[in-house]
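Listed here are the chains, written in short residue letters.
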Amino acid sequence: MDCRVTLAQTNPVLGDVRSNLTEHLEIASDVAKEGSDVVLFPELSLTGYFLKDMALELALPTSAPALGGLARLSRDISIGAGFVERSREGRIYNAYGFFENGELVAVHRKVHLVSYGMFEESRDLAAGERFRQIESRHGRFGVLLCEDFWHLGGLYAHFVNDCDAILVPSCAPARGAEASVTGFSSARTWESMLDAAALFTQTFIVYVDRVGFEDGVAFAGGSRVVDPFGVEIAKIDGLDPGRTEARLTTSALHRARGVTPLRRDEKPWVLAGELERHRARGDAEEVS
Amino acid sequence: MSRLDIQPELVCDLLVRFLREELHSAGFSRAIVGLSGGVDSAVSASLSARALGAENTLSVLMPYRTSNPESEAHAKLVAEGLGTPTRRIDISKMVDGYVEPEVVNDETRRGNVMARCRMTVLYDLSVDWGGLVVGTSNKTEMLLGYSTQWGDAAHAVNPLGDLYKHQVYQLARYLELPPEVIDKAPSADLVAGQTDEADLGFTYAEADELLYRMVDERFDAEELVAEGFDREFVRKVAQRVVRNQYKRIPPVIAKLSRRTINQDFRYLRDWGK
């Protein structure tokens, strides 16, 4: 792997797939000309985030013409973009499509829908049930959509399946301006988790958050790339739309993994045994 | 440092962006703010001037004949400091046209009529000015219900609704608003000599400390008492928060159909913007 990845930190128009798609195509076309190999947009980048009843109205089958435009452009550059997917049987998913070589080659359906506090995804969306890797011509990628990243399972699945980079498209709000921290506390939390994930998994962690407001809720931006040593190598500061590029290489992965051979020493079968015991025991305590 | 302390520069930046984006997405580039001479409206006007330009923010002074002249003087001071265009509308005739023939002597009723007359003026001028009404209600008064429904609580967008009074003061100092406005006792000025804290029976500082733990940190009553709050104060504030929920949400609709507005017809206000 030796690829140039562009993060596109956008401010999608809520519910306007047509105008969001136009912006996607313009940005992807521009960065392809600049020599990037991959361009990544945030979670639900084609629709906006707080969809409520619009989720049903905006859902697209993977064969939709709107996605075809991205597929065609992916002959020039690989593209990751968020949309609402309507499956063949009619389920609605928070989905992230990866387009390459002229077609939609992979779709990740968000596994861990977020439904607490200000979020209510489970009310409108079905949950995905797998963490699969994308065999891109640029490397092996795993996708964790925002809340997916807060659960260790997906991270571990991509770790043991030897991903080169874990892509984390998000719609993370800006929250917590207390004087005891610098910047938004929600953004600091994300940075800590992204840094830790890079160290634990020894992969590139590519985080793409959106900006802008939806009914008073600000999205925090701060898109960034952390290398397998846990060092930030690219970042978009602030709450403005923007782009940044990072170079992802196999040599960096090998150096990190050579210095600290976590993968060599990992024992996934120990975890598998523990999970088997957990399943046999059941999650809840018996009522006596 | 208080646990309520904020980073004023960060908050100011967010709120300026909020006003700019929410107004622009609704198709507006101008705003209108009712300036009372108090700290909340001064902060709202200042944020609006930063977001849209002072020339695009209309400050409106709306004294009643019994209003404290100091209120108007302070409102003028704020508007002049910001450099906003200003309108002065005396609401005395408007209010008296109703309260005198109807013999409305109850101070609360009279105060509510004044607040709603000011709302009527602001919403009417907003059409002429071509701007949206920017709110001035902070989180403390919204939680306590210390406002007039459809009066001072009426607005299109509110930059202060998630800031406790303590945090509004912090922002006011950061925005370098006149000390006269920041340092005086808060007053709705609906009755001569009235102060908010005398009305409420406790100080904003006390209410902020309690509400922050109760609402933001979700302490229950026993935990609040263990933190040193007086049990009766906790009960009184909690009761105000519950009783005034109706002021914070749209009116209740009787459900009949399969799809009822705000129940199962659910869209953001930014829908289609």
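Residues numbered from 1 in each chain as written. Chains lettered and ligands numbered in written order. Predicted model: local features only at pLDDT ≥ 70, side-chain atom pairs only at ≥ 80, totals over all residues. Heavy atoms only, no water.

A. The pairing of strand S7 (residues 139–143) of chain A, seen in detail. Residues and elements named next belong to chain A. With respect to burial, S7 is a largely interior element, 4 of its 5 residues being buried. With antiparallel pairing between neighbouring strands as the criterion, strand S6 (residues 133–136) and S7 make up a hairpin whose turn holds 2 residues. Two elements, S7 and strand S8 (residues 165–169), share 3 bridges in a ladder whose sense is parallel. Residue pairing across strands places Gly-142 opposite Ile-166, the latter belonging to S8. (Buried < 20%, exposed > 50% of the residue type's maximum accessible area, 1.4 Å probe, protein only. Helix = DSSP H or I, 4+ residues; strand = E, 2+ residues; numbered from the N terminus. Pairing = 2+ DSSP bridges.)

B. Structural detail: the side chain of Arg-118 of chain B. All names here are of chain B. Here Arg-118 shows up in helix H5 (residues 107–129). Of the side chains bearing the opposite charge, Asp-189 lies closest to the buried Arg-118, which forms no salt bridge; the N-O distance is 6.2 Å. In contact with Arg-118, other than residues within four places in its own chain, are Met-62, Pro-63, Tyr-64, Ser-67, Ile-91 and Leu-190. (Lys, Arg positive; Asp, Glu negative; His and termini not counted. Salt bridge = Lys/Arg side-chain N within 4 Å of Asp/Glu carboxyl O. Contact = heavy atoms within 4.5 Å.)

C. Fine view of the sheet that holds strand S14 (residues 242–249) of chain A. All names here are of chain A. The strand order across the open sheet built from 6 strands is S5-S4-S3-S2-S1-S14, with neighbouring strands paired in mixed fashion. Looking at the sheet topology across the chains shown, the edges are occupied by strand S5 (103–109) and S14. Sheet twist, expressed as the average angle between the axes of neighbouring strands with direction ignored, equals 30°. The pairing of strand S4 (residues 92–100) with S5 spans 6 bridges and is antiparallel. Across the sheet, residue Ala-95 finds its bridge partner in S5, namely Arg-109. (Axes fitted to C-alpha atoms, helices over the stretch in contact; angles between N-to-C directions.)

D. Representation of the pattern of salt bridges within the structure. Inspection of every chain in the model, using the stated rule, returns 39 salt bridges over all chains. Among the ionic pairs, Glu-245 of chain A bridges to Arg-4 of chain A, the shortest N-O distance being 3.0 Å. With a gap of 241 residues between them, Glu-245 of chain A in strand S14 and Arg-4 of chain A in strand S1 (residues 2–9) connect regions that are remote in the sequence. The network of salt bridges with common partners includes Lys-52, Asp-53, Glu-120 and Asp-124 of chain A together with Arg-259 and Arg-266 of chain B.

E. Layout of helix H7 (residues 250–259) of chain A. All names here are of chain A. Of all the residues in H7, the buried ones are Ala-252, Leu-253, Ala-256 and Arg-257. Projected onto a plane normal to the axis of H7, the buried residues spread over an arc of 125° and lie on a single side. Exposed side chains of H7 directed beyond 90 degrees from the buried face belong to His-254, Gly-258 and Val-259. Looking at the buried residues of H7, the elements they touch are helix H6 (185–201), strand S9 (204–208), S14 and helix H8 (262–265). (Arc of directions from axis to C-beta.)

F. Representation of the packing of aromatic side chains. Counted under the stated rule, the structure contains 16 aromatic pairs over all chains. Judged by centre distance (6.0 Å) and plane angle (85°), the ring pair of Trp-150 of chain A and Trp-190 of chain A falls under edge-to-face. With Trp-150 of chain A in the loop between S7 and helix H5 (152–160) and Trp-190 of chain A in helix H6, the pair connects residues that are 40 residues apart, well separated along the chain. Its relative accessible area of 41% is what places Trp-150 of chain A among the partly exposed residues. A cation over an aromatic ring shows up here: Arg-109 of chain A above the ring of Tyr-93 of chain A, its NZ or CZ 4.1 Å from the ring centre. Sitting above the plane of the Trp-129 of chain B ring, Arg-30 of chain B keeps its charged end 3.7 Å from the centroid. (Phe/Tyr/Trp six-rings, centres within 6.5 Å; stacked < 30°, edge-to-face > 60°. Lys NZ or Arg CZ within 6 Å of the ring centre and 35° of its normal.)

All quantities given are derived from atomic positions and should not be read as evidence of function.
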